[in-house]
Amino acid sequence: MPVYDVAVIGYGPTGATAANLLGRLGLNVVVVERDPDVYGRARAISTDEEVMRIWQSVGLADRLQRDMLADRPLAWVDAAGVPFIETTMTPRNCGHPPQQFLYQPAVDRVLREGVERFAGVEVLLEHECLRVVNGEECVELMLADLRTDTLRRLRASYVVAADGGSSPTRGLLGVGYTGRTYTERWVVIDAKVIREWEGHDRLRFHCNPDRPTVDCPTPLGHHRWEYPARPGEDERKLVTDAAVWEVLGEQGVTDDQVKILRAVIYSHHVRVADRWRVGRVFLAGDAAHAMPPWIGQGMSAGVRDAANLCWKLATVVRGHAPDSLLDTYQIERKPHVTTVTRRAVRNGRVITERNKVLAFLRNHLLRNVTRIPGVLAAGQKLIWIPEARYRAGFFAAEGHPAVGWQLPQPWVTDPGGGRVRLDDALGGGWAVLHLGAAPHGADRWQRLGATSLAVTGGRPRAGAVRDDDGSLTRWLRGKKAAAVVVRPDGFVFAAARAGGPLPAPPATLVALSPTAPVTPIGVLT
């Protein structure tokens, strides 16, 4: 019976990201996927700079960027199409555009192309997982080979179940999926652009009480609309060409501008699994949580899950930390997912208000309030993605204000004189960054395998990176940190004030798992 370090069930963006991360970490991995190829229907339509940073860590960000639309304007418009909020997302210094529109089938193909670089990752397409049995030392999986109608068994030290919102694995484990499914059903239109029209290149939320509509550009010549079925409307008729063109005609779009590729009906969900870990099996992505699409974070949340979990799995599999480290996965990720979901719901309420009096007041109030300087930036913090921070989990206990935050990623000059993003200079593993001389205690982290680099403003030199625009130095000083210990996922594990020592590595962490260099795909120059 084959034995693997990790089995990944599901080969969508979450599973494929996990396979790339685990492959780079040198683990022996198997991916199990029921479908024979990439799912052809576009689902996710956007992502953000933090997720691009994760894909950068496996050498795929620049290739993915070529098929995305960056920094497009967003507008919330009234029934007449007049904006009452207009904005673009504010970057958070992660080294990538703050918002990207994407075409998911293209993203899936690049992620799978990335997996092919790793000899230690085996992909089993057209295989369905029928049984998952936890044991003391491993998990046993029973698979059905759908091509040959035969059964096969395999074992893995751990399993990542990224098999979607209807997750069969979650059902096999008996894990509840609590929350709600909205009764209102939505029509989703995927179209191919033939001839561009005014406003085609921006996201518009048509906040029309009669028919709220999301009007979204997607790359590679596609466009997407979403709108709810009205009470009494026949869902079968809503996906016919005649019904679709009636709605698009209200938007001023004609059949010489787009070709309808498909129209489908789906529901919005707000659900969270009761447990994200059962023994040696972990739920990730939609299998662990589902959220409505109003801020485009469903797929992105799954990618964040993979980034949080995979380096911990590698650390435990190698015997460098106890199994209890893996308990911090849900502790760290769930609060962030909960906040994102609340903001998505909040934005959805703004968009779908059906009371015309309240809609009129909303339009008038927001149109005037957002003219006040600083209001739009503050509003993004209320309805868009929360800042990357974990308040509890696997962190030093001394309570320094920098601990738990994700380190910014500016462009820096590395010791060899090359201009790179910070994460590339750090190499994707544990690192100690310090202003001035290395603080007392940094050597203990280096002996475990951490990279140590000084942050300077002068000439590039061995053992240092030059902070080209000064943003990293300002961030560290703003957090009162003269030195930080950074985890492989970019979050600050520990920090020291000027003149103070770095906290010692926890006794349970006996070594820091190395990362191998990765061959980037489609590097931009």
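Residues numbered from 1 in each chain as written. Predicted model: local features only at pLDDT ≥ 70, side-chain atom pairs only at ≥ 80, totals over all residues. Heavy atoms only, no water.

The name recorded for the chain in an unreviewed UniProt entry is 3-(3-hydroxy-phenyl)propionate/3-hydroxycinnamic acid hydroxylase, from Mycobacterium parmense.

Turning our eyes to something else, we now look at the overall build of the chain. Within the chain, the secondary structure is distributed over 14 helices and 26 strands. Taken over the C-alpha trace, the chain has a radius of gyration of 24 Å; the compact-globule value for 525 residues is 24 Å, and the two agree within 12%. Once the C-alpha set of the chain is aligned to its principal axes, its extents read approximately 70 × 65 × 40 Å. In the chain, of all internal contacts separated by at least 6 residues, the share reaching a separation of at least 24 is 72%. For the chain, the accessible surface area stands at approximately 21,700 Å², while carbon and sulfur atoms represent 52% of it. Placing the 65 positive and 57 negative side-chain charges of the chain at their respective mean positions leaves the two points 5 Å apart. (Helix = DSSP H or I, 4+ residues; strand = E, 2+ residues; numbered from the N terminus. Rg over C-alpha atoms; globule rule 2.2 N^0.38 Å. Contact = heavy atoms within 4.5 Å. Areas by Shrake-Rupley, 256 points an atom, 1.4 Å probe, with all protein chains shown as cover. Lys, Arg positive; Asp, Glu negative; His and termini not counted. Charge placed at Lys NZ, Arg CZ, Asp CG, Glu CD.)

Along the chain, Gly-179 falls in strand 12 (residues 177-193). Along the primary structure Gly-179 and Phe-282 are separated by 103 residues, whereas in three dimensions their C-alpha atoms are 20 Å apart. Not counting residues up to four positions away in its chain, the partners in contact with Gly-179 are Val-270 and Arg-271.

The sheet built from seven strands is open, its strands ordered 21-20-24-23-22-25-26 with mixed pairing. The open sheet terminates on both sides in strands that have one partner only, identified here as strand 21 (419-421) and strand 26 (492-496). Averaged over all neighbouring strand pairs, the angle between strand axes comes to 30°, with direction disregarded. Note: strand 23 (residues 451-456) against strand 24 (residues 464-467), three bridges, orientation parallel. Looking at the pairing, Ala-454 lines up with Ala-464 of strand 24. Helix 14 (residues 471-478) contacts strand 22 (431-435), strand 23, strand 24, strand 25 (483-486) and strand 26 of the sheet and is inclined by roughly 85° relative to strand 22. (Pairing = 2+ DSSP bridges. Axes fitted to C-alpha atoms, helices over the stretch in contact; angles between N-to-C directions.)

Running from amino to carboxyl end, helix 9 (residues 328-351) crosses helix 11 (residues 375-383) at an angle of 115°, the nearest separation of the two axes being 8 Å. Listed contacts from helix 11 to Arg-343, Arg-346 and Asn-347 of helix 9 are Gln-380, Lys-381, Leu-382 and Ile-383. When the residues that make up the contact of helix 9 with helix 11 are grouped by side-chain class, the tally is two nonpolar, two polar and three charged. (Nonpolar A, V, L, I, M, F, W, Y, C, P; charged D, E, K, R; others polar.)

In this section: the UniProt feature "domain: FAD-binding" (unreviewed entry) in the chain. The feature "domain: FAD-binding" (unreviewed entry), as annotated in UniProt, sits at residues 4-344 in this numbering. End C-alpha atoms of residues 4-344 are separated by 38 Å, and the span's content is 28% helix alongside 34% strand. (UniProt positions renumbered as here; feature names shortened; annotations may be inferred.)

A separate point is the packing of aromatic side chains. Scanning all chains against the criterion turns up 15 aromatic pairs. Judged by centre distance (6.2 Å) and plane angle (45°), the ring pair of Tyr-158 and Phe-282 falls under tilted. Linking Tyr-158 in strand 11 (residues 150-161) with Phe-282 in strand 18 (residues 281-283), this pair joins segments that are 124 residues apart in sequence. Aromatic side chains Trp-276 and Tyr-329 sit 5.7 Å apart centroid to centroid with 55° between the ring planes, which places their arrangement in the tilted category. One end of the pair, Trp-276, is in the loop between strand 16 (258-273) and strand 17 (277-278); the other, Tyr-329, is in helix 9, and 53 residues separate them in sequence. With respect to class, Trp-276 is no different from Tyr-329; both count as buried. Ring pairing ties together the aromatic residues Trp-311, Phe-394, Trp-430, Trp-445 and Phe-493, which thus form one cluster. Directly above the ring of Tyr-182 sits Arg-180, whose terminal nitrogen or CZ lies 4.0 Å from the centroid. The ring of Tyr-158 carries the charged tip of Arg-280 above its face, separated from the ring centre by 4.8 Å. (Phe/Tyr/Trp six-rings, centres within 6.5 Å; stacked < 30°, edge-to-face > 60°. Buried < 20%, exposed > 50% of the residue type's maximum accessible area, 1.4 Å probe, protein only. Lys NZ or Arg CZ within 6 Å of the ring centre and 35° of its normal.)

Turning our attention to the domain arrangement of the chain. Annotation of the chain at the domain level lists domain 1 (4-68 + 104-178 + 272-349) and domain 2 (405-496). Computed over C-alpha atoms, the centres of domain 1 and domain 2 are 29 Å apart. The interface is formed by 10 residues belonging to domain 1 together with 13 residues belonging to domain 2. When the area that domain 1 buries against domain 2 is broken down by residue, the three leading residues are Arg-53, Gln-56 and Trp-311, summing to 69%. Here domain 1 is connected to domain 2 by three salt bridges. Glu-332 serves as the salt-bridge partner of Arg-487, at 2.9 Å between the closest nitrogen and oxygen. In this structure, the connection of domain 1 to domain 2 is made through seven residue pairs in polar contact (both at pLDDT 80 or more). (Domains from an automatic or database assignment. Buried area = accessible area lost by both parts, 1.4 Å probe. Salt bridge = Lys/Arg side-chain N within 4 Å of Asp/Glu carboxyl O. Polar contact = N/O pair within 3.5 Å; in protein donor to acceptor, adjacent residues only side chain to side chain.)

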